[in-house]
Amino acid sequence: MASRSTARKHTLAEQADRFALYQEAVNAPIDNIEFVERVYSEMRGVKPKVLKEDFCGTALLAAEWAKRGPQRRSIGVDLDAEALAWARRHNLAPAGPTIAGRVELVHADVLTPLDHRADVVCALNFSYFLLSSRQQLLAYFRNVRRSLRPRGLFVLDCIGGTEAVADYHERREYDGFSYLWDHSEFNPLDHTARCSISFAFPDGSRIEPAFAYRWRVWTLPELRDLLDEAGFAAPRVFWEYTDEKDGSTEYREIAHEQNQEIWLTYLVAST
């Protein structure tokens, strides 16, 4: 008598791709690009052509930028070789050789000076929070300043509020999975916290954690002082506002705002 198959059915977590899930839950490249184009056009009177994405990970922003037209070129820089390899397979190869040829991925530390020059440098998803000392962040900002073309812009986002300087957890639902954010062990002496991203699935399985790191929650005054010291003009601050009726968001330039549980901003620094 033939024996029954004992092959184990793989869980949804085992079948999932953590980079693909991250892109769906965290990245918003179209929104980022539209903001960059709007602000650059308002400030410079023309559209930017070359974008450098620092801490690029899977380089989704860099890939989407190159799709905007034949004059668009992008550079993605990251220290994670696995993420860059994934980017080449899943974001650049499907875009085709013409678009992929306008994207250069660089395996390097953002603290290492590079020869690349761009109209816009982006550091998004609070990625620079991984630089936990003032010395490191100042060195990075100086590298950004050197990598910008004349009249270039540096665009970075920031998160803050009462929850950002405490332990908190967030869960968001997506089609087929849940995104779980954990921010714990916040240390008020140095503003660092242990962070992790996990994914949960309907069959009860999880990727836990999918990504883990420790970051420093930098404040807006600290960032503005460091940007000034690195040679940038005073950054413009664009605060996120959400429409209560339809849930849409917009970023408006501000000079003053009340604190909230969680707030998000773009900072735009010019050369």
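None of these values were measured; they are calculated from a predicted model.

The rules behind each value
Residues numbered from 1 in each chain as written. Predicted model: local features only at pLDDT ≥ 70, side-chain atom pairs only at ≥ 80, totals over all residues. Heavy atoms only, no water. Pairing = 2+ DSSP bridges. Helix = DSSP H or I, 4+ residues; strand = E, 2+ residues; numbered from the N terminus. Axes fitted to C-alpha atoms, helices over the stretch in contact; angles between N-to-C directions. Core = buried A, V, L, I, M, F, W, Y, C linked by side-chain atoms within 4.5 Å. Buried < 20%, exposed > 50% of the residue type's maximum accessible area, 1.4 Å probe, protein only. UniProt positions renumbered as here; feature names shortened; annotations may be inferred. Arc of directions from axis to C-beta. Contact = heavy atoms within 4.5 Å. Polar contact = N/O pair within 3.5 Å; in protein donor to acceptor, adjacent residues only side chain to side chain. Salt bridge = Lys/Arg side-chain N within 4 Å of Asp/Glu carboxyl O.

*Asks:* Break down the sheet that holds strand 8 (residues 192-200) for me, citing the residues and quoting the values.
*Replies:* Strand pairing within a sheet occurs via backbone hydrogen bonds; the two strands may be parallel or antiparallel. If you trace the four strands from one edge of the open sheet to the other, you get 6-7-8-9, paired in antiparallel fashion. Edge positions in the open sheet fall to strand 6 (168-174) and strand 9 (206-216), since each of these has one partner strand only. Sheet twist, expressed as the average angle between the axes of neighbouring strands with direction ignored, equals 15°. Here strand 7 (residues 177-187) pairs with strand 8 via eight bridges, running antiparallel. Counted as the bridge partner of S178 is A200 from strand 8.

*Asks:* Residues and numbers for the pairing of strand 10 (residues 236-242), please.
*Replies:* The pairing of strand 10 with strand 12 (residues 263-270) spans four bridges and is antiparallel. Bridged to W239 within strand 12 is T265. The pairing of strand 10 with strand 11 (residues 249-254) spans six bridges and is antiparallel. For T242, the partnering residue across the bridge sits in strand 11 and is T249. If you look at the hairpin formed by strand 10 and strand 11, you'll find six residues sitting between the two strands, and G247 has a positive phi there, around 80°.

*Asks:* Break down the nonpolar core for me, with residues and values.
*Replies:* Counting residues in hydrophobic clusters, the biggest one holds 59 residues, and the most contacted among them are Y128, Y140, F141, F154 and F199. Counting 16 residues, the second-largest nonpolar core is a separate cluster that includes L51, W65, L124 and L153.

*Asks:* Help me get a handle on the UniProt feature "domain: Methyltransferase" (unreviewed entry) in the protein, residues and values and all.
*Replies:* As annotated by UniProt and renumbered to match this structure, "domain: Methyltransferase" (unreviewed entry) occupies residues 56-152. For residues 56-152, the end-to-end C-alpha separation is 19 Å, with 38% helix and 23% strand making up the annotated structure.

*Asks:* Please set out helix 8 (residues 220-229) residue by residue, giving values where relevant.
*Replies:* Inspection of helix 8 places L220, L223, L226 and L227 among the buried residues, and these make up the whole buried set. Within helix 8, the buried residues cover an arc of 130° as seen down the axis, which keeps them to one side. Residues of helix 8 that are exposed and point over 90 degrees away from its buried face: P221, D225 and D228. Buried residues in helix 8 make contact with helix 7 (134-147), strand 5 (148-160) and strand 12.

*Asks:* Run through the environment of R134, naming residues and quoting values.
*Replies:* With respect to the helices and strands, R134 occurs in helix 7. In this structure the C-alpha to C-alpha distance between R134 and E253, which are 119 residues apart in sequence, comes to 26 Å. Each residue touching R134, except ones within four places of it in the same chain, is listed here: R216, W218, L226 and E229. At 2.7 Å, the side chain of R134 forms a polar contact with the side chain of E229.

*Asks:* I'd like to hear about the pattern of salt bridges, residue by residue, with values.
*Replies:* Using the criterion set out here, one finds 17 salt bridges in the structure. Here E185 ties to R214 by a salt bridge, and the two come within 3.5 Å at their closest N and O atoms. On the criterion of sequence distance, the pair formed by E185 in strand 7 and R214 in strand 9 is long-range, its members being 29 residues apart. Here R214 falls in the partly exposed class, since its relative accessible area comes to 39%. Look at the salt bridges and you will find they share partners, linking D182, E185, R194 and R214 into a network.

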